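# Descriptive analysis of the structure
The lines below spell out each chain.
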Amino acid sequence: MNRRTKVVMGTVLTASLLTGGTALADARGWWPGPREVRVMLPDGQSNPAIANGVATGGEVAVYQSSGLGPTALNPSAPEGTPERYTDPALTEGAEGVTITEAQALVVLRNIKTNLEAAGLTPAHVITMKCYLMKPPGAESADYVGWNRAYRQYFANIDLTTHQVVPVPMGTSAPKPPLLANKARPARATMEVASLAVKGWLVEVEVTATYGKH
C-alpha cells in the first residue's frame, strides 16, 4: 500500500469517525433523565399507531405483564374453538368483526384489568408484543383485525388537536373508541405457529412504567 493510498484511507476513516461522533452527540441530547420516559414518534404524523422506540431513565419503575390471552366468554360456542374466546357484549351492534379482532378486544380489556391491579392504566404502556395465530382456514394471521382492535384501546387521540379519533369496529362506521388513550407503545406483532390454549388466536404482553410520561 503506497503513501497516497494510506493518506486517502486515513482521511476517509477520520471523516467516518467524526460523522459517527456527531451523530452520537446529537443522540445524547435525546437521552432521558433519570426519572424520565421519552417516546420517539414518527415524524410528520398527528395520529401514528405506534412509536419508533422508547427510552427510560435509570430510576423509572417498570412493570412487565405476562402474556395474556382472551377469556372464554361466549358459552354458546363449543369449547376449544376461537369463537369461545370472544365476548359478544363487546361487539354488539357491529358488523364485519373478525374472530381475531373479537378476541383481541377481550385481550386488550384483560391487559387493562391487569394493569389496574398493579396501579397502572393503558396510558402507562411503553412497549407491547402481540402474538397472532392464523384463524382456521386462513392463509395468514389477521393483522388488519388486530390493528382495528388495538386502536380501540391505544393511539386514538390526535397528538396535534388532542381530540379523540373515532375508530371502526369491523366494517361498521367509526365511533368513539372503547378507551380514549394517547399512548403509542413501541410495538412488535408476529405470527406464531401455536399458542398455549387451544382456541386462542391472540396473546399480548406489555411493559408499563410508573409516574408521568
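Everything that follows concerns the structure shown earlier in this document.
Residues numbered from 1 in each chain as written. Predicted model: local features only at pLDDT ≥ 70, side-chain atom pairs only at ≥ 80, totals over all residues. Heavy atoms only, no water.

Moving on, we get to the overall build of the chain. What the chain contains, in helices and strands, is three helices and six strands. Listing each helix as α and each strand as β along the chain from the N terminus yields α-β-β-β-α-β-α-β-β. Here the chain holds 213 residues, and 37% of them are scored as buried. Restricting to contacts in the chain with at least 6 residues of sequence separation, those with at least 24 account for 71%. If you sum the accessible surface of the chain, you get close to 11800 Å²; carbon and sulfur atoms cover 56% of it. (Helix = DSSP H or I, 4+ residues; strand = E, 2+ residues; numbered from the N terminus. Buried < 20%, exposed > 50% of the residue type's maximum accessible area, 1.4 Å probe, protein only. Contact = heavy atoms within 4.5 Å. Areas by Shrake-Rupley, 256 points an atom, 1.4 Å probe, with all protein chains shown as cover.)

Once that is clear, we can look at the pairing of strand β6 (residues 202–209). With seven of its eight residues buried, β6 lies for the most part within the structure. Of the strand pairs in this sheet, strand β3 (residues 62–64) and β6 are connected by three bridges, and their pairing is antiparallel. Counted as the bridge partner of Tyr63 is Ala208 from β6. Alignment of strand β4 (residues 125–132) against β6, held across seven bridges, turns out to be antiparallel. For Lys129, the partnering residue across the bridge sits in β6 and is Glu205. (Pairing = 2+ DSSP bridges.)

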